[in-house]
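Per-entry structural report
Residue strings, one per chain:
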Amino acid sequence: MTESTVYLRLRYKLMASSNERLTINRLAKVIAPKQVADAIQEIHIQTIQPEDSSHLVIDAIDVIKAIHHYFPELDIQTVGPAQTIIEVASNKKKRVRPFFIALVWLLLFIGAALTIMNFHEDVAMGDVHKRIYTLMTGDHKENPLIIQIPYSIGVGVGMVLFFNHLFKKKFNEEPSPLEVEMFNYQQNLDQFVIFQEKMKKEQEEHD
């Protein structure tokens, strides 16, 4: 095979199953002359074993070494992520436990309700409603429902609009604050997995 330049972009993350044979075609996008690309994409990198952990990391260096083993004359240029995170799907079916789902829902409901009530108590929202009612009508009322009911509905509607979700329905394409936080959490988790795998490989090489 004549000398040529190959551009390799690893996929950031992918799902795989136990005993799956991972080739470069699964791990990366290859840009090269067709004959070269077809040959490279079938190179075997790793087979997932049942005893492997739920997350594996394949480094770009490992992929380059595998390519050079068969085609040492190729010039490999990498772009994009330096590692691919492999999330190994479990063969075990997860049991749905309605009791635990209901328990978590109840705890979240009670916690959210207590948070809202404590906030309103701290800012004396009840007294504010009474004062607003007195200013608007000239009368004093202990429970100005004409203000409290719309306010309570508004709190619920505001939360729905803030999180941009009503069950599975989204109101617009903008990500909600919760989705942004979940994305940041996933990014941090992926970086932690990469760090752990690097430390594990360095320890194995040292031993």
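Residues numbered from 1 in each chain as written. Predicted model: local features only at pLDDT ≥ 70, side-chain atom pairs only at ≥ 80, totals over all residues. Heavy atoms only, no water.

On to the packing of aromatic side chains. What characterises a pair of aromatic rings is the spacing of the ring centres plus the angle enclosed by the ring planes. Scanning the model with the defined rule gives two aromatic pairs in all. Where Phe99 meets Phe100, the ring centres are 5.5 Å apart and the plane angle is 75°; that geometry is what we call edge-to-face. Residue classification places Phe99 among the exposed residues on the basis of a relative accessible area of 60%. The partly exposed category is assigned to Phe100, whose relative accessible area is 44%. (Phe/Tyr/Trp six-rings, centres within 6.5 Å; stacked < 30°, edge-to-face > 60°. Buried < 20%, exposed > 50% of the residue type's maximum accessible area, 1.4 Å probe, protein only.)

Strand-to-strand pairing in sheets goes through backbone hydrogen bonds, with the strands running parallel or antiparallel. Across the sheet, three strands lie side by side as β4-β1-β7; this open sheet has mixed pairing. With one partner strand each, in any of the chains shown, β4 (28–31) and β7 (75–79) form the two edges of the open sheet. Pairwise comparison of adjacent strand axes, ignoring direction, gives a mean angle of 25° for this sheet. Here strand β1 (residues 5–10) pairs with β7 via five bridges, running parallel. Paired with Tyr7 across the strands is Gln77, a residue of β7. (Pairing = 2+ DSSP bridges. Helix = DSSP H or I, 4+ residues; strand = E, 2+ residues; numbered from the N terminus. Axes fitted to C-alpha atoms, helices over the stretch in contact; angles between N-to-C directions.)

Taken together, Leu145, Ile149, Ile153, Val157, Leu161, Leu166 and Phe171 make up a surface patch of nonpolar side chains, about 650 Å² in accessible area. When residues in the nonpolar patch are grouped by element, the largest group, five residues, is from helix α6 (residues 145–163). Topologically, Val157 is positioned in helix α6. Classification of Val157 by relative accessible area gives partly exposed; the value is 43%. (Patch = residues over 30% accessible without salt bridge, like charges linked within 9 Å, V, L, I, M, F, W, Y side chains within 5 Å. Areas by Shrake-Rupley, 256 points an atom, 1.4 Å probe, with all protein chains shown as cover. Salt bridge = Lys/Arg side-chain N within 4 Å of Asp/Glu carboxyl O.)

A word on unusual backbone geometry. Here the phi dihedral of Asn19 falls at roughly 70°; this positive angle occurs in a residue that is not glycine. Locating Asn19 in the fold gives a position in the loop between β2 (13–17) and β3 (21–23). Asn19 gets classed as exposed once you look at its relative accessible area, which sits at 51%. In this structure, Ala124 takes a positive phi of about 55° despite not being glycine.

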